[in-house]
Amino acid sequence: MAFAYTSLGQDKKYMILTYGCQMNVRDSETIAGLLEAMGYTATDEEKEADLIVFNTCSVRHSAENKVFGKVGEVIGLKRKKPELLIAFGGCMAQTPEARSILKKQGVDVIFGTHNIHELPYLLEEAYTTGKQVIRVWEKAEGIIEDLPVRRQSGISAFVNIMFGCDNFCSYCIVPYTRGRERSRHPDDIIREVKLLAREGYKEVTLLGQNVNSYGKGLEEKVDFADLLKMVCEVEGILRVRFTTSHPKDMSDKLIDTIAREEKMCEHVHVPLQAGSNRILKRMNRHYTREHYLALTARIRDKIPGVAITTDLIVGFPGETEDDFADTLDMVKKVRFDAAFTFMYSPRSGTKAAEFTDQVPLEVKKARLERLNELQYGIATEINKSLEGTVQEVLVEGPSKTDKDKLTSRTRTNRIVIFSGPGDLTGRLVNVKITEARTFSLFGELVEG
Ligand code: SAH
Ligand code: SF4
Ligand code: F3S
């Protein structure tokens, strides 16, 4: 498909504010591509921007609150500079509650997750009519390939393999904001990965809400493990990652493929969510703690040195002290390399928001603190055990916190900071770990 764009952005600057998950990071790269095709150039300075685009997340109340706070600030900017355009997209735009608030706040354009490609026309319309333009599709109409893209890194790239989610975990808004599950054709994915390799990218991370069900609904018979093998065959790409796997249907074929394929990094993110079978059932997760323990044991057995990371929710409706103790117990048993931990946040429209036995905020806060203390201790212990070892890292560029140092990642997705010449960026090098902290490692370049 060929697209023609307006030249509205000539001599103008844009800024995108991205919230939420990797899918949004990837979508923002498409938004940036579209805006640059309109002539816009990027700026990091809000005050310089002629257009500010919000790409938002509604997974938790706190995520939405952050966005509303920022929208208020940007509306303030617009008062001083009336020609500033404000566009609002992402998961919040798909929810009727957030949309009605924004409508009143006076943003210029509201667009959804299914019609990002329409943004140039919506901006043009808002600019020429001076009126608010709201266009949100309730559902996706197929997958639109070949949209322009402006990626953030030159080394590591996100590649969508599927969109949406059909799992309907009882707490989760994503199936409502991202629609039904649909997979991209393997040919389109491989074409994109080959192009990335030609552009000099060294690593790809394949994205989907539940990669294990990749391929469902496609004419060709292909599953996620088959796709991984095809991606690993692309010359020039040195490392392949993916996220996220649902524990209910992670196959042995997939585990074997990760174990066998040299380019597959030894890292799996398998969100556990809760350790109590009663809570898992109410979450509509379709597995038990026993299943999860057996699965992670198989993963560790078949993939030596693998890092297992997870997501955990505390204070789901009806969670008792005993249920919470089951979560702590699972954390001790599995020994996660890292975990994203959240307080349950009721999302309007989801089943769990209707449950009457909501857990008080103070209880959630106290449980989160106890969970984090345990998990951080374990992560620190595991990291400390790496001190003195030599790790292969992919160098990503100058460290954000210390410009004189380089930041890099191990195969197990740990960040390693070390000193070395800038031209190592994009290369695989060996680093000896000299100091381990909870969230990062420090090391020295091993020459030769
Ligand atoms: N598709 C991914 C997760 C997407 S959302 C998966 O299934 O693994 C990322 C994480 O946010 C979830 O794993 C969950 O831990 C958390 N989350 C989702 N909805 C939430 C809610 N209502 N309250 C708190 N945390 C939530
Ligand atoms: Fe949400 Fe569950 Fe789908 Fe993940 S699998 S996006 S948690 S509904
Ligand atoms: Fe991602 Fe947040 Fe939407 S986690 S899918 S941006 S609700």
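Values in this document were obtained by computation on a predicted structure and should not be read as measured data.

Colleague: When you look at the site of ligand 1 in this model, what are you seeing that I'm missing?
Modeller: Taken together, 15 residues lie near ligand 1, and Gln209, Pro271, Gln273, Asp311 and Ser345 sit nearest. Glutamine 209 is positioned with one of its side-chain polar atoms (N or O) 2.7 Å from a nitrogen atom of ligand 1. Glutamine 273 is positioned such that a nitrogen or oxygen atom in its side chain is 2.7 Å from an oxygen atom of ligand 1. A total of 540 Å² of accessible area belongs to ligand 1 in isolation, and the protein chains cover 89% of it. Of all elements in the fold, only β13 (307-314) and β14 (338-343) reach the threshold of two or more residues within the shell around ligand 1. Residue composition of the shell around ligand 1, by class: seven nonpolar, four polar and four charged.

Colleague: For this particular structure, what's the right way to read the pattern of salt bridges?
Modeller: Should the charged atoms of two oppositely charged side chains come close, the side chains can pair. Counted according to the given criterion, the structure contains 40 salt bridges. Taking the shortest distance from any N to any O, the salt bridge between glutamate 192 and arginine 184 comes out at 2.6 Å. The exposure classification of glutamate 192 matches that of arginine 184, with both residues buried. Put simply, glutamate 381 and arginine 335 hold a salt bridge, and the shortest N to O gap is 3.0 Å. You can see glutamate 381 sitting in helix α12 (residues 361-384) and its partner arginine 335 sitting in the loop between α11 (321-334) and β14, a full 46 residues away along the chain. We classify arginine 335 as partly exposed; its relative accessible area is 32%.

Colleague: Is there a simple way to explain the UniProt feature "binding site: [4Fe-4S] cluster 1" (unreviewed entry) in the chain in this structure?
Modeller: Per the UniProt record, "binding site: [4Fe-4S] cluster 1" (unreviewed entry) is annotated on Cys21, Cys57 and Cys91. Sequence-wise these annotated residues cover 71 residues; spatially they are packed, their C-alpha atoms never more than 10.5 Å apart. Along the polypeptide, cysteine 21 turns up in the loop between β1 (13-18) and α1 (22-37). Using a relative accessible area of 33% as the deciding quantity, one classes cysteine 21 as partly exposed. Of note, cysteine 91 is situated in the loop between β4 (85-90) and α3 (96-105). Aside from chain neighbours lying at most four places away, what touches cysteine 91 is Thr56, Cys57, Ser58, Thr113, Thr177 and Arg178.

Colleague: Explain helix α7 (residues 224-232) to me, please; I cannot follow it from the model alone.
Modeller: In an α-helix, one full turn covers 3.6 residues, which means residues spaced three or four apart are oriented alike. Phe224, Ala225, Leu227, Leu228, Val231 and Cys232 are the residues of α7 that are buried. One side of α7 holds all its buried residues, which, seen down the axis, span an arc of 155°. Check the buried side of α7 and you find it contacts α6 (186-198), β10 (203-207), β11 (239-243) and α8 (252-260). For α7, the side-chain oxygen to backbone nitrogen distance between the N-cap and alanine 225 is 3.2 Å, and the N-cap itself is aspartate 223.

Colleague: Can you walk me through the UniProt feature "domain: TRAM" (unreviewed entry) in the chain in this structure?
Modeller: UniProt annotation of "domain: TRAM" (unreviewed entry) refers to residues 384-447 when read in the numbering used here. The span residues 384-447 carries 2% helix and 52% strand; its end-to-end C-alpha distance comes to 23 Å.

Colleague: Which parts of the structure should I look at to understand the sheet that holds strand β2 (residues 41-42)?
Modeller: The strands that make up a sheet pair up through hydrogen bonds in the backbone, lying either parallel or antiparallel. One open sheet accounts for six strands, arranged β2-β1-β3-β4-β5-β6; its pairing is parallel. With one partner strand each, in any of the chains shown, β2 and β6 (133-135) form the two edges of the open sheet. Pairing of β1 with strand β3 (residues 51-56) involves five bridges; the strand directions are parallel. In the strand pairing of β3, leucine 17 is matched with phenylalanine 54. Contacting β1, β2, β3 and β5 (109-111), α1 crosses the sheet at an angle of about 170° to β1. Strands in contact with helix α2 (residues 61-80) are β1, β3 and β4; relative to β3, the strand with the most contacts, it is inclined by about 170°.

Conventions we followed
- Residues numbered from 1 in each chain as written.
- Chains lettered and ligands numbered in written order.
- Predicted model: local features only at pLDDT ≥ 70, side-chain atom pairs only at ≥ 80, totals over all residues.
- Heavy atoms only, no water.
- Near = heavy atom within 4 Å.
- Polar contact = N/O pair within 3.5 Å; in protein donor to acceptor, adjacent residues only side chain to side chain.
- Areas by Shrake-Rupley, 256 points an atom, 1.4 Å probe, with all protein chains shown as cover.
- Helix = DSSP H or I, 4+ residues; strand = E, 2+ residues; numbered from the N terminus.
- Nonpolar A, V, L, I, M, F, W, Y, C, P; charged D, E, K, R; others polar.
- Salt bridge = Lys/Arg side-chain N within 4 Å of Asp/Glu carboxyl O.
- Buried < 20%, exposed > 50% of the residue type's maximum accessible area, 1.4 Å probe, protein only.
- UniProt positions renumbered as here; feature names shortened; annotations may be inferred.
- Contact = heavy atoms within 4.5 Å.
- Arc of directions from axis to C-beta.
- Pairing = 2+ DSSP bridges.
- Axes fitted to C-alpha atoms, helices over the stretch in contact; angles between N-to-C directions.

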